[in-house]
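Chain residues, written in single-letter form:
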Amino acid sequence: EAQVTQNPRYLITVTGKKLTVTCSQNMNHEYMSWYRQDPGLGLRQIYYSMNVEVTDKGDVPEGYKVSRKEKRNFPLILESPSPNQTSLYFCASSLRPSRHNEQFFGPGTRLTVL
Amino acid sequence: AQSVTQLGSHVSVSEGALVLLRCNYSSSVPPYLFWYVQYPNQGLQLLLKYTSAATLVKGINGFEAEFKKSETSFHLTKPSAHMRDAAEYFCAVSDNSGGSNYKLTFGKGTLLTVNP
């Protein structure tokens, strides 16, 4: 089944404890992206990747890192999480970096930082 | 930069009634527009997309949307609501802000409640 998977689905952590949220897609997609969803704000892009080893900042990159060493994986790293990073995170992928290509979303990771 | 405005953060309809969810966009270039649905505790699923072909776009689950350039709108409709349509709906425009980043710019979402 073609899908985007994320792990973990739920995570509660404490301020300053490094964490990684994994994202993997099995559709051989070139473009991958991370969004965060906050009530009343919709989804905002954190980072994106055009292909392997090509990543760049989105609208809200502060406090996050990413890497794209393999085409299928795009982990999101929080080196020192803070409470304002409590949010619902979505990974998405698209076949090509193109305006008309739909993006496929993972199931989401709900992160709480105490 | 492109932007999307969804009018009404919460819409409530009766089962069998017409569903109308409003979306207006702002874009300096011909837009590519999407509607996504998010069911409770799930990710976003594409309902339909407009990519400059037909102005009336049919999607999954009986939904459709009409692109109206003169009104800069892309409203989502369904003739008869079902209980299973209860979800949050997001309108999005495909942005090309950085020359190579084809991100989606989302509206703030509309929560649809369907009453029996």
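First, a word on what this report is: a plain description of the structure on this page. (Residues numbered from 1 in each chain as written. Chains lettered and ligands numbered in written order. Predicted model: local features only at pLDDT ≥ 70, side-chain atom pairs only at ≥ 80, totals over all residues. Heavy atoms only, no water.)

## Looking at the interface of chain A and chain B
Point 1. At the junction of the two partners, chain A supplies 25 residues and chain B supplies 27 residues.
Point 2. Interface area, chain A with chain B, both sides summed: about 2,100 Å², of which 52% is carbon and sulfur.
Point 3. Between the two partners, chain A and chain B, sit zero salt bridges.
Point 4. Seen at the junction of chain A and chain B, the total is four residue pairs in polar contact (both at pLDDT 80 or more).
Point 5. Secondary-structure elements contributing two or more residues to the side of chain A that touches chain B are β4 (31-38), β5 (42-51) and β9 (87-94) of chain A.
Point 6. At five residues, the largest contribution of residues to the side of chain A that touches chain B is made by β5(A).
Point 7. Looking at the side of chain A that touches chain B, its residues break down into twelve nonpolar, nine polar and four charged. (Contact = heavy atoms within 4.5 Å. Buried area = accessible area lost by both parts, 1.4 Å probe. Salt bridge = Lys/Arg side-chain N within 4 Å of Asp/Glu carboxyl O. Polar contact = N/O pair within 3.5 Å; in protein donor to acceptor, adjacent residues only side chain to side chain. Helix = DSSP H or I, 4+ residues; strand = E, 2+ residues; numbered from the N terminus. Nonpolar A, V, L, I, M, F, W, Y, C, P; charged D, E, K, R; others polar.)

## Comments concerning the pairing of strand β2 (residues 10-14) of chain B
Residue and element names in this part refer to chain B.
Point 1. Of the two faces of β2, the one lined by V11 and V13 is fully buried and the one lined by H10, S12 and S14 carries no buried residue.
Point 2. By the bridge criterion, five bridges tie β2 to strand β11 (residues 110-115) in an arrangement that is parallel. Paired with S14 across the two strands is N115, which belongs to β11. (Buried < 20%, exposed > 50% of the residue type's maximum accessible area, 1.4 Å probe, protein only. Pairing = 2+ DSSP bridges.)

## A look at the packing of aromatic side chains
Point 1. As enumerated under the stated definition, the model contains 14 aromatic pairs over all chains in all.
Point 2. Consider the rings of F105(A) and F106(B), whose centres lie 6.1 Å apart with planes at 75 degrees: the pair is edge-to-face. Taken together, the positions of F105(A) in strand β10 (residues 104-105) and F106(B) in strand β10 (residues 104-106) put the pair across two chains.
Point 3. A residue is classified by how much of its surface remains accessible, and F106(B), at 7% relative accessible area, is buried.
Point 4. A centroid spacing of 6.2 Å and a plane angle of 50 degrees characterise the contact between Y50(B) and F74(B), whose relative ring orientation is tilted. Of this pair, Y50(B) sits in strand β5 (residues 44-50) while F74(B) sits in strand β8 (residues 73-78), placing them 24 residues apart in sequence. Each member of the pair, Y50(B) as well as F74(B), carries the same accessibility label: buried. (Phe/Tyr/Trp six-rings, centres within 6.5 Å; stacked < 30°, edge-to-face > 60°.)

## Digging into the sheet that holds strand β1 (residues 3-7) of chain B
Residues and elements named next belong to chain B.
Point 1. As summarised here, the arrangement of the five strands in space is β1-β3-β8-β7-β6, forming an open sheet in which the pairing is antiparallel. Looking at which strands have only one partner, the edges of the open sheet turn out to be β1 and β6 (56-58). Geometrically, the sheet is characterised by an average inter-axis angle of 20 degrees between neighbouring strands, direction not taken into account.
Point 2. Looking at chain direction, strand β3 (residues 19-26) and β8 are connected through four bridges and run antiparallel. Across the sheet, residue V19 finds its bridge partner in β8, namely K78. (Axes fitted to C-alpha atoms, helices over the stretch in contact; angles between N-to-C directions.)

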